[in-house]
Amino acid sequence: MALHELTALELRDRIAAGTLSSVEATRAVLDRIERLDPTVGAYLAVFADRALESAQAVDRRIAAGEKVGPLAGVPLAVKDVLCTSFGATTCGSKILENFHAPYDATVIRRLQAADAVIVGKTNMDEFAMGSSTENSGYRKTANPWDTSRVPGGSSGGSAAAVAARLCQAALGSDTGGSIRQPASFCGVVGLKPTYGRVSRYGLVAYGSSLDQVGPITQSVADAALLLQVIAGHDPCDSTSVSEELAPVEDYLTRLNEPLERLRIGVASDFNAGADPAVREAIDRAVEGYRQAGAQIVELAMPHLDYAIAAYYVIATAEASSNLARYDGVHYGYRTKDPSDYIEVYSKSREEAFGKEVKRRIMLGTYALSSGYYDAYYLKALKVRNLIRGDFVRAFERCDCMMMPVAPTTAFAFGEKADDPLKMYLSDIYTIAVNLAGIPGISVPCGFDEAGMPIGLQVIGPAFSEARLLRIARMHEARTDWHTKRPALAG
Amino acid sequence: MSDLTYKIIVGLEIHVQLNTRTKMFCGCALSFGEEANSRVCPVCLGLPGALPVMNEQAVENAILAAMALNCEIASFTKWDRKGYYYPDLPKNYQISQYDLPLGGPGYIEIPLDGGKTKRVRIRRAHLEEDAGKNLHTSGYHSQVDLNRAGTPLLEIVTEPDLNSPEQVRALAVELQRIVRYLGVSEADMQKGHMRFEPNVNLVIERGGQQFKTPIAEVKNLNSFRALERSVAYEARRQLDDFLETGRTMQMGNKSTRGWDDVNEVTVLQREKEEAHDYRYFPDPDLVPVTPSEPWLAKIRSRLCELPVQREVRYVQEYGLSAYDAGVLTADRSTADFFEEAVKLGASAKRVCNLLTQLGLKLAKDRNSDLAGLGLDPAGVADLAKMIEAGTISASAGNTILTAMVETGKKPDALAEELNLIQKSDVGELERILDQVLAENEASVTEITTGGKKAQKARGYLMGQVMQKTKGQANPKIVADLLSKKLGS
Ligand SMILES: [Zn+2]
């Protein structure tokens, strides 16, 4: 079996057992990046030397019989939204083109403490704003299944890298679907944890009350493995939940045990908006669970229709404030020859921010302006509470919900780029999960006529990741969608 | 214009820097005078991805100060972002508190002349982070020092209850005394720990009609003198302006002025209050604070008798002058020292004299407090008792106090060592007096005859006794003996 056919877990076990060296595994990944990434465009930066050094260090320690971490020697990629003390942290934006963070994000520190090998940083929509990675200030990322199509976004680089096996697994971030949607588009697994489960320290903020870091992987087990490493309280993030309130569970040990008497909630009306091929695949997946003994519960989710509107007020309001710091004064891009300090601000921002980022800053600024605050921001918060309520009531009647990740499969470059509203509407199935702060996972569940992957979204109550992963694994164990690879990664 | 009267109306905004170990939302130490940008971290630099974590000590200190100002303490308070662009503000928003400040309505008692006090209402008290400093060096470029960015500030806003420059100053001084008493701020004016922004206008009565002048806010005053003088100047300026133009307060004609310390005038900065839209919204990076009852009780236990209350009590209970009471209560450690000594049985007046006439001067010379001089209340109490008992004279008391500071020895040992113990042996003093009387018959005659010269002769004889005893005779005993022998 070729190295790139191994999951992160399988690779880790071989490295730990000494039957494979991390240097071999890392070199294989670096070779593939060199060969395939010019086509895929998943990476913004590759740290070949540094990765090989890390790999060597792990190999030496294993040879010396030292204890190593749970990701020892596994080559991983991270979205360029995470601060690293090595290389630049650009967030896909020209405004941070040469920004070198002086510190590592908490999740980066945790990966390194687990002895992972970080091979590079992946492309993304600028400041994680987008659903196709087309908003990157640097490059296009292609969908490995069909390079004329987008990989989804905003974590398109991470999803494409995993799908094309340009790393063993990756981290992304999800504010309105940015892990799950690209995972679905690229036929891989993507998990958005409960808000507060994973530290946001060092994750460059887009919508602070919605952002969450999570894994993009080839298998459910890999998602469990990565979550185990990155989850947990962080004193540097006030919104990360305490160990007391929600202890980190063991996500791997009982992963393969199916859940009995599982109750699955489905909101048929809500799902009706998806393409027929997507609907069929979801129905088929749910039917699989039913045949395995699950009970299907029909749910009414009356407020989900308002999720997109509420999201684009809350997320952009927070973004307008979060992105105020990119002003050309302290770091990042600065305009040449400003006539006064006001121009340092206005011209730096005008020249370096992309169109979508500007659009969202303006939307958010408007929503927070005096006279409009109540009508937009405050109302959106109320809708958010109603949506939370919908889910709380739903989870009284079921253990998890299932729905599509996106209404369509991956679309062609440029198809929605000129119609922001159309682009926003493609987030319809993922956004409510962020508003409610609950976990959701995307697992491969089929292909459309064009051979593009479809994802099944499983949603659970807050801090139910252990169960959510087991439910997703039940599907994975009975199907072979996750074993399919794009021809390019063959 | 002879029928014109006016009243000054002032509301005050005060920023007090709290003396926490670390900044408001990060682990950096507070800074003063260090090399620029040496006390910074990703959080206070506002770097991408960095997140604030609330400093609990700052919240405790702020709540304590709010309690001392009799403010309602909020059962739910939160953090808001106040958005505006300025180079010294690294995130281009300031973390502050908008609609739910930790301290609600309260009041402060300020001392007025003649031992009276005035109650000034407090509108609110809230916590926020300070900005950095723009350094305008010469030339085209400016630089920014972010050492101060993130320093915890308590903002206190009064109602417009102040009616003279003196009252405004009294409030500021009293607030300084309170925060120092509570130990929540050093309130060092030189270091910019207190900054004032008075809102000033006049209510003018003329010809049975009332007029209000437009409000002027004077920004960023950092001394009591500048505060008092700027308010006085504003009152004069506004009266002149009214007489000249008749301009009165209207929506939107509040102006912002700066203080020119050299020429002692206020200078117009912004004519109309700009329609500032700070786009406040709750900071999603921080969680709201819901103070628990046990936590509040713990904070409340740090409350103490406030200086103005102490001052009044010293006058009433100990019979001290208002001036002495003010000196002793100016800072908490002095007042505590004083009371401790009195509690040990010493006379309040004697202790007061020792401290106000000498002890505090010695402390000031050495840039220290009383404890820093090596003095303790028990030693000073003993010294005061020795004076009270006549063992030593009051002036010897001062000599001994100085020696205590210099040598660290106990007062009784020093009295012996320096031969300052008064002779109080009646038999011995009588023998010496008899000798003096024998040697000065003329003076004795002057006393026994009475008349103008008697008083002077008495003093002369007392002096002779003192000379023979090298100043150690107890003057009271000698005077009594003299009266007994020659009649008084
Ligand atoms: Zn700091």
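How each quantity is defined
Residues numbered from 1 in each chain as written. Chains lettered and ligands numbered in written order. Predicted model: local features only at pLDDT ≥ 70, side-chain atom pairs only at ≥ 80, totals over all residues. Heavy atoms only, no water. Helix = DSSP H or I, 4+ residues; strand = E, 2+ residues; numbered from the N terminus. Rg over C-alpha atoms; globule rule 2.2 N^0.38 Å. Buried < 20%, exposed > 50% of the residue type's maximum accessible area, 1.4 Å probe, protein only. Contact = heavy atoms within 4.5 Å. Areas by Shrake-Rupley, 256 points an atom, 1.4 Å probe, with all protein chains shown as cover. Lys, Arg positive; Asp, Glu negative; His and termini not counted. Charge placed at Lys NZ, Arg CZ, Asp CG, Glu CD. Domains from an automatic or database assignment. Donors = N, O, S within 2.8 Å, 3.2 Å for Na, K, Ca; no water. Buried area = accessible area lost by both parts, 1.4 Å probe. Salt bridge = Lys/Arg side-chain N within 4 Å of Asp/Glu carboxyl O. Nonpolar A, V, L, I, M, F, W, Y, C, P; charged D, E, K, R; others polar. Pairing = 2+ DSSP bridges. Polar contact = N/O pair within 3.5 Å; in protein donor to acceptor, adjacent residues only side chain to side chain. 1 Å grid on protein atoms, 1.4 Å probe; cavity = no way out; pocket = protein on both sides within 12 Å on 5 of 7 lines; lining within 4 Å. Points joined across faces, edges and corners; volume = space filled by probe spheres on them.

1. Thoughts on the overall build of chain A
Part 1: Within chain A one finds 16 helices and eleven strands.
Part 2: For chain A, the C-alpha radius of gyration of 21 Å lies close to 23 Å, the compact-globule estimate for 490 residues.
Part 3: For chain A, the C-alpha atoms occupy an extent of roughly 65 × 55 × 50 Å along the three principal directions.
Part 4: Sorting the 490 residues of chain A into buried and exposed places 65% on the buried side.
Part 5: In chain A, of all internal contacts separated by at least 6 residues, the share reaching a separation of at least 24 is 76%.
Part 6: For chain A, the accessible surface area stands at approximately 17,100 Å², while carbon and sulfur atoms represent 52% of it.
Part 7: Of the charged side chains in chain A, 51 are positive and 58 negative; the average position of the first set lies 1 Å away from that of the second.

2. Re the overall build of chain B
Part 1: In terms of helices and strands, chain B carries 15 helices and 14 strands.
Part 2: Over its C-alpha trace chain B gives a radius of gyration of 30 Å, far above what one expects of a compact globule, namely 23 Å for 488 residues.
Part 3: Taken over the C-alpha atoms alone, chain B extends approximately 95 × 60 × 50 Å along its principal axes.
Part 4: Taking all 488 residues of chain B together, the buried fraction comes to 52%.
Part 5: Surface summary for chain B: the accessible area is close to 23,000 Å², and the carbon and sulfur share equals 50%.

3. A closer look at the domain arrangement of chain B
Part 1: The domain architecture assigned to chain B consists of domain 1 (4–295), domain 2 (307–417) and domain 3 (426–486).
Part 2: Taken over C-alpha atoms, the centre of domain 1 of chain B sits 67 Å from the centre of domain 3 of chain B.

4. Structural notes on the coordination of the zinc ion
Residues and elements named next belong to chain B.
Part 1: Only Cys26 (SG), Cys28 (SG), Cys41 (SG) and Cys44 (SG) from the protein reach the zinc ion as donors, at distances of 2.3 to 2.4 Å.
Part 2: Motif for the zinc ion, donor spacing along one chain: C-x1-C-x12-C-x2-C. In this pair, Cys28 sits in the loop between β1 (5–17) and α1 (56–68) while Cys41 sits in the loop between β1 and α1, placing the two residues 13 residues apart along the sequence.
Part 3: Under the relative-accessibility criterion, Cys28 is labelled buried at 10%.

5. Describing the interface of chain A and chain B
Interface extent is often summarised as the accessible area lost during association of the parts.
Part 1: Opposite the 40 residues of chain A that make contact, chain B presents 32 residues.
Part 2: Together, the buried faces of chain A and chain B total about 2,800 Å²; carbon and sulfur atoms form 57% of this surface.
Part 3: A per-residue breakdown of the area chain A buries against chain B is headed by Ser238, Arg325 and His330 of chain A, which together make up 21% of the total.
Part 4: Scanning the region where chain A abuts chain B turns up one salt bridge.
Part 5: Residue Asp285 of chain B pairs with Arg200 of chain A through a salt bridge whose shortest N-O separation is 3.1 Å.
Part 6: At the level of elements, α10 (307–322), α11 (341–352) and α12 (355–368) of chain A are the ones that each hand at least two residues to the side of chain A that touches chain B.
Part 7: In terms of residue count, the dominant contributor to the side of chain A that touches chain B is α10 of chain A (four residues).
Part 8: Grouping the constituent residues of the side of chain A that touches chain B by class yields 22 nonpolar, twelve polar and six charged.

6. Regarding the pairing of strand β2 (residues 80–83) of chain B
Where a strand is regular, its side chains alternate between the two sheet faces.
All names here are of chain B.
Part 1: Side chains Asp80 and Lys82 of β2 all project onto a buried face; the interleaved residues Arg81 and Gly83 project onto the opposite face, where all are buried too.
Part 2: Judged from the two bridges that link them, β2 and strand β14 (residues 281–282) form a sheet pairing that is antiparallel. Considered in β14, the bridge of Arg81 is made with Phe281.

7. A look at the side chain of Glu311 of chain B
Part 1: Along the polypeptide, Glu311 of chain B turns up in helix α5 (residues 307–318).
Part 2: Side-chain polar atoms of Glu311 of chain B contact the side chain of Arg177 of chain B, separated by 2.8 Å.

8. Comments concerning the environment of Ser292 of chain B
Part 1: Counting through the fold element by element, Ser292 of chain B comes out in the loop between β14 and α4 (293–300).
Part 2: Taking the C-alpha atoms as reference, Ser292 of chain B lies 20 Å from Met24 of chain B; in sequence the two are 268 residues apart.

9. What to know about empty space enclosed by the protein
Part 1: The tally for this structure, following the rule as stated, stands at six cavities of 30 Å³ or more.
Part 2: Here the largest cavity is characterised by a volume of approximately 100 Å³.
Part 3: Together, 15 residues line the largest cavity, and Val43, Cys44, Pro52, Lys91 and Ile95 of chain B are the ones closest to its centre.
Part 4: Residue classes in the lining of the largest cavity are distributed as nine nonpolar, two polar and four charged.
Part 5: The computed volume of the second largest cavity comes to approximately 80 Å³.
Part 6: Every residue lining the second largest cavity is counted, 14 residues in all, and those nearest its centre are Gly130, Ser131, Gly176, Ser178 and Asp427 of chain A.
Part 7: For the lining of the second largest cavity, a count of residues per class yields four nonpolar, eight polar and two charged.

10. Quick look at the sheet that holds β2 of chain B
Part 1: An order of β3-β2-β14 (chain B) is seen for the three strands of this open sheet, with the pairing classed as antiparallel. With one partner strand each, in any of the chains shown, β3 (93–96) and β14 of chain B form the two edges of the open sheet.

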